[in-house]
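# Residue-level structural notes
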Amino acid sequence: METFIPESWYSFLPNFVELAYLAAIVLFILGLKRLSSPATARSGNQLASLGMFLGVIVTLLDREIIAFEYILAGVIVGSLLGAAAAKKVEMTKMPELVAVFNGFGGIASALVALGAWFRVTEAALPAADLLIMGLSVLIGAVTFTGSLVAFAKLNGLIKGNAILFPLQNALNQVLLLVALFGIGWLLAQPLEVAPVLLISGISIVLGVLFVIRIGGADMPVVISLLNSLSGIAASFAGFVIDNNLLIVSGALVGAAGLILTDIMCKSMNRKLTSVLFAKFGGSGTAGAGADTGDKSIREVQSTDVAVMTAYAKRVVVVPGYGLAVAQAQHVIREVADLLQKKGVDVRYGIHPVAGRMPGHMNVLLAEANVPYSQLFDMEEINDEFFRTDVVLVIGANDVVNPQAKTNPGSPIYGMPILNVDEAKQVVVFKRSMNTGYAGIENDLFYNENTYMYFGDAKGTLEDLVRSIKEL
Amino acid sequence: MESLIFNLFIFVLACFVGFEVISKVPTTLHTPLMSGANAISGITLVGALAIAGSGSGTTATIIGFLAIVFATINVVGGFMVTDRMLEMFKKKKEDEA
C-alpha cells in the first residue's frame, strides 16, 4: 500500500480508520432504522451494505495488513458461494438459509478469536483477553454446529422431533463446565495449545447436543436465538482484537436476535427455558385426547366456498405453513384478486409463528405479489373477525385452535391465537383431519359455522378459482 | 483490563441502541430483519482480514483465511438475499402479469 499513500499520512491513518468505522456503525444503525417500514426497508439494507463495504475497505488500508493473496482468495471464494446461495434459494427455504448463515457468522467469529491467539503465541495475551477469547470461541462454535443441526432439522435431513436421551441436561451442563474449565486452564497457562483445543472441541459437541433436543415446532425460537448468538460472537471477537466496529455491530445483531426470540416465545406461549430444556415441541404426544366421539363436521366443495366468498363483504385469509409447503401462495393471491374484483374486502391475518421463522409467511406472500397493505398481524386483525363474513384457514391449525383460550388442560393453553371462530363462517382447507404440530384436537373444526374443505391446498384453491370464475 | 471495561461500556450501550431501533421493526419485516442483521454480524470479516493479512505464521493465516471465507459468505449472501426479499415487498400490484 506504501505506493498509494504518502508516508506522512500514516500518522493520521489509525484515526482515519477509526472514524471510518464510526461512519460504518452509523450506516448500520440508520439502515436498521429504515427497516421499520416496508417502503424504506430496501434502502436501509443498502445503507447497511454500504457500511460493511466501507468497513472492509478501510481495514485493508491498515498498515498491519501485508499479505493480500489469502485475503483476495478468501473474499472471492466467499462472495461466489454467498451470491450463489442468495440467488438460488427458494423463499420457502429461507429459514434453512438463515440458519446456515448464522452458523457461518458464528464460526467466523470463533476463528477470528482463535486466530488472535495463534497470532501471538510468543507473548501471552493478557488474562482479560484470554477470558473473552475463550467465551468467543465457545459461543461462536456452539452457534456453528447448533445452526447446522437446525438446518438439518428444517431440511428434513434429520427428524424434526426433539431427540432426547437420559441425563441429557446433566451431560450438557457437564460439558459446559468442562468448557469453562478449559477457559480457566487457558488463563493459568496462556501459551498452552491444549486448553484452546479443549474449548473448541467441547463447544462443537455442545452446539449439536444443544439443538438436537429441541423439537421442530420450536425452530423459529432456535433460529432467532442462534441469530442473536452469532451477533454476540462477533461482538466478543471484537473485544479480543480491540475493534469497536465489531463490538457495536455484533451487539446490534445480538439485540435484534433477542427481541425476535422473545416475540417468538410469546407467540407460542413458551418460556425460553422450556424451549431449551423441556420436552414439548414437535413430539405429538402431549394431551392428544381422543375425545372425538359424536362430534360431526360439515364438508364443503369448491362451488360452496365460491358462493360464500363471492357474496361476502369481507374475507380474511389465514395462511399457515401448509400453504407454503403446497406452494399455494400464488393461487391464493389469484383467489383474492378475483374476489376483490367482485368488491370483496380481502385481508390476510398472519400469526407470528405462521411460518418456520419470524415473518416468514409475509415474505412468501410478498413473493406472490400480495401488497403488504393487505397483510395484517395478529393484534390488528383479531378485532376484525366478528365483522368478517368468511375466514379461509389454509394450512394452519394450532394458531386457530380455540383450546388455547378455553381448555386450561391443553398444552397450547394461553398461546395467543387468531380468533377466527368469531367470524360468521369459517372454511378450513385441510388435507385430512390430522392434528397439527402440537398434536392437539382442534375444536374449531366441529363448530356449527365451520366448514371443512379437504384436499391439497394448491389443488383445492385452483378448484376454487375455477368455481369463482364460473359464477 | 482498562480497555476491557471501556469495550464493555460500548457493548452495553450498543445493546440498548439495538433494542430501541429493532423493536420498531414491524412483524412483516422480521425475516428480512433477521437475514439483514445476520449479514451485519458478518462484520467479523474485518477481524478476519487483520488475522489473515498480518503475516503472523501459517496457522494464523489459515485460520484467518477460513474466517474470511465464512464471513464473506455471510456478508455477501446475507445482504443479497435480504435485498431480494425486500424488493418483493410492494405497495400496489403494478408489475403484475
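For the structure itself, consult the block above.
This write-up is about the structure you can find in this document. (Residues numbered from 1 in each chain as written. Chains lettered and ligands numbered in written order. Predicted model: local features only at pLDDT ≥ 70, side-chain atom pairs only at ≥ 80, totals over all residues. Heavy atoms only, no water.)

### Side note on helix α6 (residues 168–188) of chain A
All names here are of chain A. The condition is simple: Each helix is a run of DSSP H or I of at least 4 residues and each strand a run of E of at least 2, with the numbering of both proceeding from the N terminus. Residue count minus one, scaled by 1.5 Å, sets the expected span of a helix. In this scheme, a residue with accessible area under 20% of its type's maximum is buried, one over 50% is exposed, and one in between is partly exposed, where area comes from a 1.4 Å probe on protein chains only. Working definition: the arc comes from the directions between the helix axis and the C-beta atoms, pointing outward to the latter.
Here α6 is 21 residues long and its end C-alpha atoms lie 30 Å apart, about the 30 Å a rise of 1.5 Å per residue gives. The set of residues buried in α6 consists of Gln168, Asn172, Leu175, Ala179, Gly182, Ile183 and Leu186. The arc that holds every buried residue of α6, seen down its axis, measures 95°, which confines them to one face. Of the exposed residues in α6, the ones pointing more than 90 degrees away from its buried face are Leu177, Phe181 and Ala188.

### Let's talk about the sheet that holds strand β5 (residues 425–430) of chain A
All names here are of chain A. We count it as follows: Here, any two strands with at least 2 DSSP bridges between them count as paired. The convention used is that axes are lines fitted to C-alpha atoms, helices contributing only their stretch in contact, and that angles between N-to-C directions extend from 0 to 180 degrees. Whether two residues are in contact is decided by their heavy atoms: any pair within 4.5 Å suffices.
Overall, parallel pairing links the six strands, which are arranged β3-β2-β1-β4-β5-β6 in an open sheet. The open sheet has two edge strands with one neighbour each: β3 (375–377) and β6 (450–454). Across the sheet, the mean angle from the axis of one strand to that of its neighbour is 25°, orientation sign disregarded. Bridge count between strand β4 (residues 390–394) and β5: five bridges; the pairing is parallel. Across the sheet, residue Leu392 finds its bridge partner in β5, namely Val427. This element, helix α14 (residues 360–367), spans β1 (314–319), β2 (345–350) and β3 of the sheet and lies at about 145° to β2. Contacts from helix α17 (residues 457–470) reach β4, β5 and β6, with the element oriented near 110° to β6.

### Brief notes about the environment of Glu192 of chain A
Residue and element names in this part refer to chain A. Along the chain, Glu192 turns up in the loop between α6 and α7 (194–212). When its relative accessible area of 35% is taken as the criterion, Glu192 is described as partly exposed. Not counting chain neighbours up to four residues away, the residues in contact with Glu192 comprise Trp117 and Leu186.

### Notes on the packing of aromatic side chains
How two aromatic rings sit relative to each other is given by the distance of their centres and the angle of their planes. Residues and elements named next belong to chain A. Note the cut-off: Classification of ring pairs uses Phe, Tyr and Trp, with its six-membered ring standing for Trp, and accepts pairs whose centres are within 6.5 Å; under 30 degrees between planes counts as stacked, over 60 as edge-to-face, and the remaining range as tilted.
For the structure shown, the criterion picks out nine aromatic pairs over all chains. Their ring planes at 85° and their centres at 5.7 Å tell us that Phe236 and Phe239 sit as a pair that is edge-to-face. Of the two residues, Phe236 and Phe239 are both situated in helix α8 (residues 219–240); the distance of three residues between them amounts to about one turn of the helix. In this structure Phe239 comes out as buried when scored by relative accessible area, which is 4%.

### Comments concerning the nonpolar core
Nonpolar side chains tend to gather and get buried jointly when the protein is soluble and globular. Residue and element names in this part refer to chain A. Just so we agree on the cut-off: The term nonpolar core refers to a set of buried residues drawn from Ala, Val, Leu, Ile, Met, Phe, Trp, Tyr and Cys, joined through side-chain atoms within 4.5 Å.
Counting residues in each nonpolar core, the largest one holds 197 residues, and the members touching the most others are Val318 and Leu461. Sort the elements by how many residues they give to this core and helix α4 (residues 94–119) lands first, with 16 residues. Non-local contacts of Leu461, meaning those with residues more than four positions away in its chain, are made with Leu323, Ala328, Val331, Ile332, Val335, Ile394 and Phe429.

### A look at the layout of surface pockets
To find leftover empty space, a probe the size of one water molecule is rolled over the atoms. Residue and element names in this part refer to chain A. Quick reminder of the rule: Buried and open spaces are told apart on a 1 Å grid over the protein atoms alone, a cavity being a set of points where a 1.4 Å probe fits but cannot get out and a pocket being an open set with protein on both sides within 12 Å along at least five of seven lines. Residues with an atom within 4 Å of a point are the lining residues. Grid points are joined across faces, edges and corners, and a volume is the space filled by probe spheres set on the points.
Its boundaries defined by the atoms lining it, the second largest pocket holds a volume of some 380 Å³. Taken together, 15 residues line the second largest pocket, and the ones lying closest to its centre are Leu138, Val142, Leu176, Leu206 and Phe210. For the lining of the second largest pocket, the secondary structure elements donating two or more residues are α5 (127–155), α6, α7, α8 and α10 (272–277).

### So, the interface of chain A and chain B
Let me state the cut-off plainly: Buried area: the accessible surface (1.4 Å probe) lost by two parts on joining, summed over both. By definition, a salt bridge exists where a carboxyl oxygen of Asp or Glu is found within 4 Å of a side-chain nitrogen of Lys or Arg. Pairs of N or O atoms are called polar contacts if they sit within 3.5 Å, as long as, within protein, a hydrogen donor faces a hydrogen acceptor (for residues adjacent in sequence, only side-chain-to-side-chain pairs). Charged means Asp, Glu, Lys or Arg here, nonpolar means Ala, Val, Leu, Ile, Met, Phe, Trp, Tyr, Cys or Pro, and polar covers whatever is left, Gly included.
Tallying the contact residues gives 105 residues for chain A and 82 residues for chain B. When the two sides are added together, the surface that chain A and chain B hide from each other amounts to roughly 8200 Å², 77% of it contributed by carbon and sulfur. At the boundary of chain A and chain B, one finds one salt bridge. Ionic pairing is found between Asp83 of chain B and Arg42 of chain A, a salt bridge with its closest N-O pair at 2.9 Å. The tally of links between chain A and chain B comes to 16 residue pairs in polar contact (both at pLDDT 80 or more). Among the elements that make up the side of chain A that touches chain B, the one with the highest residue count is α4 of chain A (17 residues). Of the residues contributing to the side of chain A that touches chain B, the split by class is 64 nonpolar, 30 polar and 11 charged.

By themselves, these are just geometric observations and shouldn't be taken as functional.
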